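What follows is each chain in one-letter form.
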Amino acid sequence: MPITAPMHLPTLHGPRVLLRPMTPADAPALFALHADAQVMRYWSTPPWTDPQQAIERLQADAHAHALGLHLRLAIARREAPGALLGACTLFDLDAEQGRAEIGYALQPAAWGQGLMHEALTLLINHGFDDFGLRRIEADIDPRNTASGRVLQALGFQREGLLRERWRVGGELSDSALYGLLHRDWTNRHD
Ligand SMILES: CC(C)(COP(=O)(O)OP(=O)(O)OC[C@H]1O[C@@H](n2cnc3c(N)ncnc32)[C@H](O)[C@@H]1OP(=O)(O)O)[C@@H](O)C(=O)NCCC(=O)NCCS
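Residues numbered from 1 in each chain as written. Predicted model: local features only at pLDDT ≥ 70, side-chain atom pairs only at ≥ 80, totals over all residues. Heavy atoms only, no water.

J.: Honestly, helix 1 (residues 27-35) in this entry has me stumped. Any pointers?
T.: Along an α-helix, a turn takes 3.6 residues, which lines up residues three or four apart on a common side. For helix 1, the complete set of buried residues consists of Ala-27, Leu-30, Phe-31, Leu-33 and His-34. Buried residues along helix 1 cover an arc of 160° about the axis, so they all sit on one side. Against helix 2 (52-67), strand 4 (86-94) and strand 5 (99-106) lie the buried residues of helix 1. (Buried < 20%, exposed > 50% of the residue type's maximum accessible area, 1.4 Å probe, protein only. Helix = DSSP H or I, 4+ residues; strand = E, 2+ residues; numbered from the N terminus. Arc of directions from axis to C-beta. Contact = heavy atoms within 4.5 Å.)

J.: I tried to follow the UniProt feature "domain: N-acetyltransferase" (unreviewed entry) in the protein on my own but got confused; where do I start?
T.: Those residues carrying the UniProt feature "domain: N-acetyltransferase" (unreviewed entry) are residues 17-184 in this numbering. For residues 17-184, helix accounts for 32% and strand for 34%, while the C-alpha atoms at its two ends are 24 Å apart. (UniProt positions renumbered as here; feature names shortened; annotations may be inferred.)

J.: Mind showing me how you'd approach the packing of aromatic side chains here?
T.: The geometry of two aromatic rings is summed up by the distance between their centres and the angle between their planes. Tallying each qualifying case throughout the model produces one aromatic pair. For the ring pair Phe-128 and Trp-185, a centre distance of 6.4 Å and an interplane angle of 45° mean the geometry is tilted. Remark: Trp-185 occurs in helix 5 (residues 182-188) and Phe-128 occurs in helix 3 (residues 115-129); sequence separation between them is 57 residues. One exposure class covers both Phe-128 and Trp-185, and it is buried. (Phe/Tyr/Trp six-rings, centres within 6.5 Å; stacked < 30°, edge-to-face > 60°.)

J.: Please explain the site of the ligand as it appears in this structure.
T.: The local shell around the ligand holds 18 residues, among which Leu-106, Gly-112, Gly-114, Asn-144 and Arg-149 are the closest. Within the backbone of Gly-114, one N or O atom sits 2.7 Å away from an oxygen atom of the ligand. The fraction of the free accessible surface of the ligand (940 Å²) that becomes covered by protein chains is 71%. Here the ligand occupies the largest pocket. Breaking the shell around the ligand down by element, the ones donating at least two residues are strand 5, helix 3 and helix 4 (145-154). Counting residues per element, the shell around the ligand draws most heavily on helix 4, at five residues. Taken together, the residues of the shell around the ligand sort by class into 11 nonpolar, six polar and one charged. (Near = heavy atom within 4 Å. Polar contact = N/O pair within 3.5 Å; in protein donor to acceptor, adjacent residues only side chain to side chain. Areas by Shrake-Rupley, 256 points an atom, 1.4 Å probe, with all protein chains shown as cover. 1 Å grid on protein atoms, 1.4 Å probe; cavity = no way out; pocket = protein on both sides within 12 Å on 5 of 7 lines; lining within 4 Å. Sits in = over half its atoms within 2 Å of the grid points. Nonpolar A, V, L, I, M, F, W, Y, C, P; charged D, E, K, R; others polar.)

J.: I keep staring at the layout of surface pockets and nothing clicks. Help me out?
T.: A water-sized probe, rolled over the atoms, reveals where empty space remains. Taken as a whole, the largest pocket encloses approximately 1,100 Å³ of empty space. If you list the elements that add at least two residues to the lining of the largest pocket, you get strand 4, strand 5, helix 3, strand 6 (135-140), helix 4 and strand 8 (171-181). Ranked by the residues each element gives to the lining of the largest pocket, the list is headed by strand 5, at six residues. Classifying every residue of the lining of the largest pocket gives 19 nonpolar, 15 polar and seven charged. Approximately 170 Å³ is the volume found for the second largest pocket. As for the second largest pocket, its lining consists of Leu-9, Pro-21, Met-22, Thr-23, Pro-24, Leu-58, Gln-59, Asp-61, Ala-62, His-65 and Arg-72. Looking at the lining of the second largest pocket, the element that brings in the most residues is helix 2, giving five residues. Partitioned by chemical class, the residues of the lining of the second largest pocket number six nonpolar, three polar and two charged. (Points joined across faces, edges and corners; volume = space filled by probe spheres on them.)

J.: What should I look at first to understand the packing of helix 3 against helix 4 in this one?
T.: Helices that pack against each other are described as a pair by the angle of their axes relative to one another and the distance between those axes. Relative orientation of the contacting elements helix 3 and helix 4 amounts to 50°, with a least axis distance of 10 Å. By the criterion of interaxial angle, the relationship of helix 3 to helix 4 is oblique. For the pair helix 3 and helix 4, the sense of crossing is right-handed. Facing helix 3, whose interface residues are Met-116, His-117, Leu-120, Thr-121 and Ile-124, helix 4 presents Val-150, Ala-153 and Leu-154. Here the residues of the contact of helix 3 with helix 4 are counted per class, giving six nonpolar, two polar and no charged. (Axes fitted to C-alpha atoms, helices over the stretch in contact; angles between N-to-C directions. Parallel < 35°, antiparallel > 145°, perpendicular 65-115°, else oblique. Left-handed = near helix turned anticlockwise from the far one by under 90°.)

Set out below in C-alpha cells:
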C-alpha cells in the first residue's frame, strides 16, 4: 500500500546540501548522472544512452509521486540549489508494512566529501518521521565499497547476501542486503 497519494514533495535542508523536487530543467544533469559509466558501475541497469531517458524518468516520477509509490529528490549544494549533483530515492514504499528501500547516486566530482551521508541523513529522517517507516532497506553490489561504507556509517546493518541476483549488460552480480530500523536510528542519535 502506498504511503500517501498524492505524495508531498519536500525540500530538506542539511548543513551543506539540500534535497528538492526535480523539475524538467534537471533533465540534462539527470541524464549526465545516469550516462556516466563510473556512476553506473554497480547499478542494476546499464548507463543511459539517450537524453530522452531522463525526460521519461521525470515523467514516470511525476506519475509515481501522484500515486505515492516513491519519493525521488534531487541533491544539490545549498549555495547552488539549481545544479543537480545527484539523486536519492525512497522506493517500494509500503505503508502497511512500514518499510521502503533506498537508492542514491552522486556525480563523481562530488564524491568523497561526505555529501551522500548528509543527503541520506535528510532522506532517512523524512522516511522515519514523516512517513512513519519502521525499516529502510538497501540492496547494493557487495563490490561497491563506497556505498557499503556510506550505509554502515549511517547505522545500516548488513543482513544477507543474495547470489547472482542481477544481470546487467551480461554481467552477473550479487546483492548485499542492508537494513536500518527506526530504533537503530533513534538510538544512534541519543
Ligand atoms: C556511493 C556514493 C553515493 C558515495 O557517496 P560519497 O558522497 O562519495 O560518500 P562519502 O564521501 O560519504 O564517502 C563514504 C565512504 O566511502 C569512502 N569512499 C569514497 N569513495 C570511495 C571509493 N571509490 N572506494 C572506496 N571507498 C570510497 C569514503 O572514504 C568514505 O569512507 P569513510 O566513511 O570510512 O570515511 C558515490 O560513490 C556514488 O554515487 N557512487 C555511484 C552510484 C552508486 O554506486 N550508488 C549506490 C548504488 S546502491
